[in-house]
Amino acid sequence: SEEQFSERINPNILITGTPGTGKTTLCELVAESTGLIHIDVGKLVKEKGLHQGFDQEYQSYITDDDKIIDELEDTLSKGGNIVDFHSCEIFPERWFDLVLVLRTNNTILYDRLEKRGYIQKKITENIECEIFQEILEEAKESYSPEIIIELQSNSLQDMESNSMRIEEWVKNWKSKKIQ
Ligand code: ADP
Ligand code: MN
């Protein structure tokens, strides 16, 4: 509800994007500089069994969205989190003050996924996901346009500028809350 939103003294940020675009790396940097708590949802799914089994064909977990929401509800309603997940439509809209969609050039992304040891089918699936900007479209369908920002994540320079931009945004958000 709107009430829960206004009670947060620290913001919640969602970092989303195709696997390999740099979500976890960026979240770690931002958590370090802002004190926001990094929540790697993919990791939680594995560790806490928030899934309905492993899909052998796609080599990925079939997430249990209700279990994920239940697991995160208390933490997110308190604020002060930076959430890292390759999907964004499963979360309640009210949780987030800012939604960032990371974008990576196809050839760069291909190399990153290959280095990660993904099977060909999974590489192809993710490259197509990025080409058709599926996560950006998903974000636009799930959140208000004013809170969505698309960020390029091709280089270390991008990573650094994205991290600084988010850090500034957090400072600004907090100072507005105090006034
Ligand atoms: P995700 O969490 O979105 O799957 P990771 O943060 O694990 O992505 O990053 C995937 C790989 O790409 C890692 O090896 C990471 O060091 C590298 N990487 C991430 N972001 C960038 C960037 N902006 N520039 C160069 N390399 C990056
Ligand atoms: Mn990750």
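Scoring rules and cut-offs
- Residues numbered from 1 in each chain as written.
- Chains lettered and ligands numbered in written order.
- Predicted model: local features only at pLDDT ≥ 70, side-chain atom pairs only at ≥ 80, totals over all residues.
- Heavy atoms only, no water.
- Core = buried A, V, L, I, M, F, W, Y, C linked by side-chain atoms within 4.5 Å.
- Buried < 20%, exposed > 50% of the residue type's maximum accessible area, 1.4 Å probe, protein only.
- Helix = DSSP H or I, 4+ residues; strand = E, 2+ residues; numbered from the N terminus.
- Near = heavy atom within 4 Å.
- Polar contact = N/O pair within 3.5 Å; in protein donor to acceptor, adjacent residues only side chain to side chain.
- Areas by Shrake-Rupley, 256 points an atom, 1.4 Å probe, with all protein chains shown as cover.
- Nonpolar A, V, L, I, M, F, W, Y, C, P; charged D, E, K, R; others polar.
- Pairing = 2+ DSSP bridges.
- Phe/Tyr/Trp six-rings, centres within 6.5 Å; stacked < 30°, edge-to-face > 60°.
- Lys NZ or Arg CZ within 6 Å of the ring centre and 35° of its normal.

Novice: What exactly am I supposed to notice about the nonpolar core here?
Specialist: Ranked by internal contacts, the top residues of the largest apolar core, which has 26 residues, are Val41, Leu72, Phe91, Phe96 and Tyr143. Of all the secondary structure elements, the ones that give two or more residues to this core are helix H3 (41-48), helix H4 (65-78), strand S6 (98-103) and helix H7 (134-142). Counting residues in each nonpolar core, the second largest holds 14 residues, with Ile82, Leu98, Leu151 and Val170 among its members.

Novice: Just checking my understanding: could you explain the site of ligand 1 for this structure?
Specialist: Taken together, 14 residues are adjacent to ligand 1, and Gly20, Lys23, Thr25, Arg116 and Ser155 come closest. Between ligand 1 and lysine 23, the relevant distance is 2.8 Å, taken from an oxygen atom to a side-chain nitrogen or oxygen of the residue. A distance of 2.8 Å separates an oxygen atom of ligand 1 from a polar atom in the side chain of arginine 116. In the complex, the protein chains occlude 73% of the 550 Å² of accessible area that ligand 1 would expose alone. Only helix H2 (23-34) and helix H8 (156-178) provide two or more residues apiece to the shell around ligand 1. Among the elements that take part in the shell around ligand 1, H2 stands out by supplying three residues, more than any other. Partitioning the shell around ligand 1 into residue classes produces three nonpolar, eight polar and three charged.

Novice: So what exactly am I meant to see when it comes to the pairing of strand S5 (residues 81-84) here?
Specialist: Taken residue by residue, a regular strand's side chains alternate between the two faces of the sheet. The side-chain alternation of S5 yields two buried faces, one formed by Asn81 and Val83 and the other by Ile82 and Asp84. Bridging between strand S1 (residues 13-16) and S5 involves three bridges; their strand directions are parallel. When the bridges of S5 are listed, leucine 14 appears paired with valine 83. Inspection of the sheet shows strand S2 (residues 37-40) paired to S5 by four bridges, in the parallel sense. Considered in S5, the bridge of isoleucine 39 is made with valine 83.

Novice: Is there a simple way to think about the packing of aromatic side chains in this case?
Specialist: Each aromatic ring pair is summarised here by two numbers: the centre-to-centre distance and the angle between the ring planes. What the rule picks out here adds up to seven aromatic pairs. When the centroid spacing of 5.0 Å and the interplanar angle of 75 degrees are considered together, the rings of phenylalanine 54 and tyrosine 61 count as edge-to-face. Phenylalanine 54 gets classed as partly exposed once you look at its relative accessible area, which sits at 35%. Put simply, the rings of Phe85, Phe91, Trp95, Phe96 and Tyr143 touch in pairs and so form one group of aromatic residues. The positively charged end of lysine 121 is found above the aromatic ring belonging to tyrosine 58, 5.0 Å away from the centroid. Lysine 122 extends its terminal NZ or CZ atom over the ring of tyrosine 118, reaching a point 4.3 Å from the ring centre.

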